[in-house]
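Next come the chains, spelled out residue by residue.
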Amino acid sequence: MTDKTANLANLDKEGLSLKSVSLWQITWRRLFKRKSALLGLGILIVLVFIALTAQWISPYDPYQVLIGIEDVDMRQAPCIHLLGCPKDQPQHIMGIDGNVRDQFSRLLYGTRLSLMVGLTTVSFAIIIGTILGALSGYFGGWVDNTIMRVMDVLLAFPSLLLAIAIVTVLGPGLINALLAIGIVSIPAYARVVRSSVLSVREMDYVSATRALGGNNFDILFKRIMPNALTPLIVQGTLGIATAILDAAALSFLGLGAQPPTPEWGQMLSAERNQVFTAPHLVFYPGFAIMTTVLAFNLLGDGLRDALDPRLAHTSK
Amino acid sequence: METKTLKAKSSSSKMDLVRVKHLTKYFPVRSGLFQRVVANVQAVDDISFNIKEGETLSLVGESGCGKTTVGRTMLRLIEPTSGSVFFDNQDIFSLHGAELKAMRRHMQIIFQDPYASLDPRVPIGDSVMEGLTLHKIGVPQERFDMMVDVLHKVGLETYHARRYPHEFSGGQRQRIGIARALALQPRFIICDEPVSALDVSIQSQVLNILKDLQQEFGLTYLFIAHNLSVVEHISDRVAVMYLGKMVELANRETLFSDPLHPYTKALLTAIPIADPHLRRERTILKGDVPSPINPPSGCRFHPRCPIAVEQCSQQEPEFRELKPNHWAACWRAE
């Protein structure tokens, strides 16, 4: 008997050092095995770094008109010293825009704006969408019907068109554009959350919590939500890409960010007629939008694979 | 005076802990634009039985006969259509809010599927402690100690507490499920096919744990199963269900040696024998189980019954006590 307890105590001590792996850790490990997801994550880290340090790494003030300060022309082609541009000329990596401002600095500041647009609209949409979807899926009945019919109405319109309509009503401007994009993307999240709540709700561990004495609040927030949110991570990551694209589109149409704000879509729009005379002014903002959207899409796809429940028991 | 106390004592030792009266659960089938109820799935139809304190009552029947619905309705995991369930003389279906929560401490459930019954994102120690936390029993340190205690009871170690469900085997998970049910020190546990998802070698291990725990804590079990060998091993009394109705209820020995209902007889001849040379005369039932949406008239078993007469298709047989403590619902049985 004493032998056994001693043994147990020993096991206990060993046990404390034994490592236990949670589902999140497994997901991380799987994510790191995917090259495309890592590429997306890498680009994203660079973008976040740029956004955070834009004011220190950009060579010029993005709003400053350089007439009279430097000897540069409107829409001047890029001048990079390393690539043979004469040293006596001021260096502008991406050239000068139509208002004689440094394109490179504007692009860096645009990163900050685009990431902010993506994160705020998607967080807004996720918060509202999750609440609506969770209520809808958990309570069912008329609650479900009412909420989902409203979502169906929102989904019936093409998202950009609806966003344009909302901005037209609210008036053009970056904040209104964000709001519009946020509202337009709510249904997608509500549906995703609803469907996963519906499937998780029937699991035995939810019944177990009820049998143990948990109320609706305990069940919904401690049991169902943590297990229903994984598809939302994927949807959210991909949604950021769409939101950035939509915001750029709204700005391009003159309904989003207003000049002189350094926003990529707005920069594209301002120089769209000079595609052939000054291609660098259109190429760089376009490329920036593409890279950012691509990064989020790569990461989202990687996350989707890493979070796939069908793989949960096989590879670690 | 003395005889009176004696009587009280003997009656209390055989007290009915759980009384189920006319329990009925219909699941509505809705269809059409306005989601009108077009039919009802009669999962459980007017079932009554008692469970004595400290005994194991088994509920057997084939898939879809409503066994699980009975169990879940008794715990109010599913709301009943009508009927009542008394636990310790308290009507469970009339309880609300805090009263119901307090009652849940005494009644617990062990689920069939050990892979679906544990939250994959929560370390199993927290799952086992969940009931204690929900009922705010003790301080965190005390809860932890109680949890470790229960884990040891089901043969797990302290270091298992911080592991996640996917790191355990099916049998271990089922023991964790038992530990979770046990943590609140309930008096009554519904075992919903607790071993049917396990290997045969693990089944006996889990069954023995259940038996040991019953002796140690004086637990009362409602054991839902379809494996009659398992039922014979663990139960005191056995109830047989067919298509939402109870067809026979008797002591284990009586039911296995002298079944009255033709359905029970057919079930018993279906138990496999471990010797391939021995052949038993089998009663093979014709056809499939009818749909519970539209059950047969009269006795629900009559289309498949080998001894059915005309009366069976017209009148529903009453569930009556044909012999002392031996109940059955059949016109032909006596």
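Numbers given for residues are sequential positions, taken from 1 along each chain in its written order. Chains and ligands are labelled by the order in which they are written, letters from A for the one and numbers from 1 for the other. Only residues with pLDDT of 70 or above have their local features reported here, since the model is predicted, and side-chain atom pairs are shown and tallied only from 80 upward, although totals for entire chains, interfaces and linings are computed over all residues. Hydrogen atoms and water are omitted, and side-chain values are computed over all heavy atoms in the structure.

K.L.:
For this particular structure, what's the right way to read the interface of chain A and chain B?
P.N.:
Accessible area lost when the parts come together is the quantity often used to give the size of an interface. Each partner contributes to the interface: chain A provides 32 residues, whereas chain B provides 32 residues. As a working definition, buried area equals the accessible area (1.4 Å probe) given up by two parts on being put together, with both sides summed. With both sides pooled, the region where chain A packs onto chain B buries about 2900 Å², and carbon together with sulfur makes up 57% of that total. The working definition used for a salt bridge is a side-chain nitrogen of Lys or Arg within 4 Å of a carboxyl oxygen of Asp or Glu. Between the two partners, chain A and chain B, sit three salt bridges. We note a salt bridge from B:Asp119 to A:Arg223, for which the minimum N-O separation is 3.2 Å. Throughout this description, a polar contact denotes any pair of N or O atoms lying within 3.5 Å of each other; where both atoms belong to protein, one of them has to be capable of donating a hydrogen while the other can accept it, and for residues adjacent in sequence the pair is counted only when both atoms sit in side chains. The interface formed by chain A and chain B holds 11 residue pairs in polar contact (both at pLDDT 80 or more) in total. The way it works is that DSSP assigns letters per residue, a run of H or I at least four long becomes a helix, a run of E at least two long becomes a strand, and they are numbered from the N terminus. Breaking the side of chain A that touches chain B down by element, the ones donating at least two residues are helix H1 (2-17), helix H2 (23-31), helix H8 (204-212) and helix H9 (216-228) of chain A. Residues are grouped as follows: Ala, Val, Leu, Ile, Met, Phe, Trp, Tyr, Cys and Pro are nonpolar; Asp, Glu, Lys and Arg are charged; all remaining types, including Gly, are polar. Here the residues of the side of chain A that touches chain B are counted per class, giving 14 nonpolar, 10 polar and eight charged. Contact between two residues is taken to exist if any of their heavy atoms lie within 4.5 Å; hydrogens are not considered.

K.L.:
Help me understand the state of the cysteines, please; the structure alone is not making it clear to me.
P.N.:
Note: disulfide means a covalent bond formed between the sulfur atoms of two cysteine side chains. Residues and elements named next belong to chain B. Note on disulfides: each one is a pair of cysteine sulfur atoms within 2.5 Å. The full count for this structure, using the stated rule, is one disulfide over all chains. No disulfide involves Cys65; its nearest neighbouring cysteine sulfur is the one of Cys299, lying 14 Å away. By relative accessible area, which is 3% here, Cys65 ends up buried. Cys330 supplies the cysteine sulfur nearest to Cys305, a cysteine that is in no disulfide, at a spacing of 5.9 Å. Categorising residues by exposure relies on relative accessible area from a 1.4 Å probe, with only protein chains included: less than 20% of the type maximum marks a residue as buried, more than 50% marks it as exposed, and the intermediate range marks it as partly exposed. Classification of Cys305 by relative accessible area gives buried; the value is 9%.

K.L.:
Mind showing me how you'd approach the sheet that holds strand E1 (residues 16-31) of chain B here?
P.N.:
In any sheet, the strands associate via hydrogen bonds between backbone groups, in a parallel or an antiparallel arrangement. Residue and element names in this part refer to chain B. Two strands pair under a simple rule: DSSP has to find at least two bridges between them. Taken in spatial order, the four strands of this open sheet run E2-E1-E4-E5, and their pairing is antiparallel. Strands at the two margins of the open sheet, each flanked by one partner only, are strand E2 (36-52) and strand E5 (90-91). Alignment of E1 against strand E4 (residues 82-87), held across five bridges, turns out to be antiparallel. Considered in E4, the bridge of Lys21 is made with Ser84. Fitting a line to C-alpha atoms yields each axis, with helices limited to the stretch in contact; the angle taken between N-to-C directions then spans 0 to 180 degrees. Where helix H2 (residues 67-74) meets the sheet, its contacts fall on E1, E2 and E4, and the angle it forms with E2 comes to roughly 75 degrees.

K.L.:
Where do I start with the nonpolar core in this structure?
P.N.:
We call a set of buried Ala, Val, Leu, Ile, Met, Phe, Trp, Tyr and Cys residues a nonpolar core when their side-chain atoms join them within 4.5 Å. Residues A:Val197, A:Ile224, A:Leu250 and A:Phe296 are the most contacted members of the largest nonpolar core, which totals 71 residues. Of all the elements, helix H7 (residues 174-201) of chain A adds the most residues to this core, at 13 residues.

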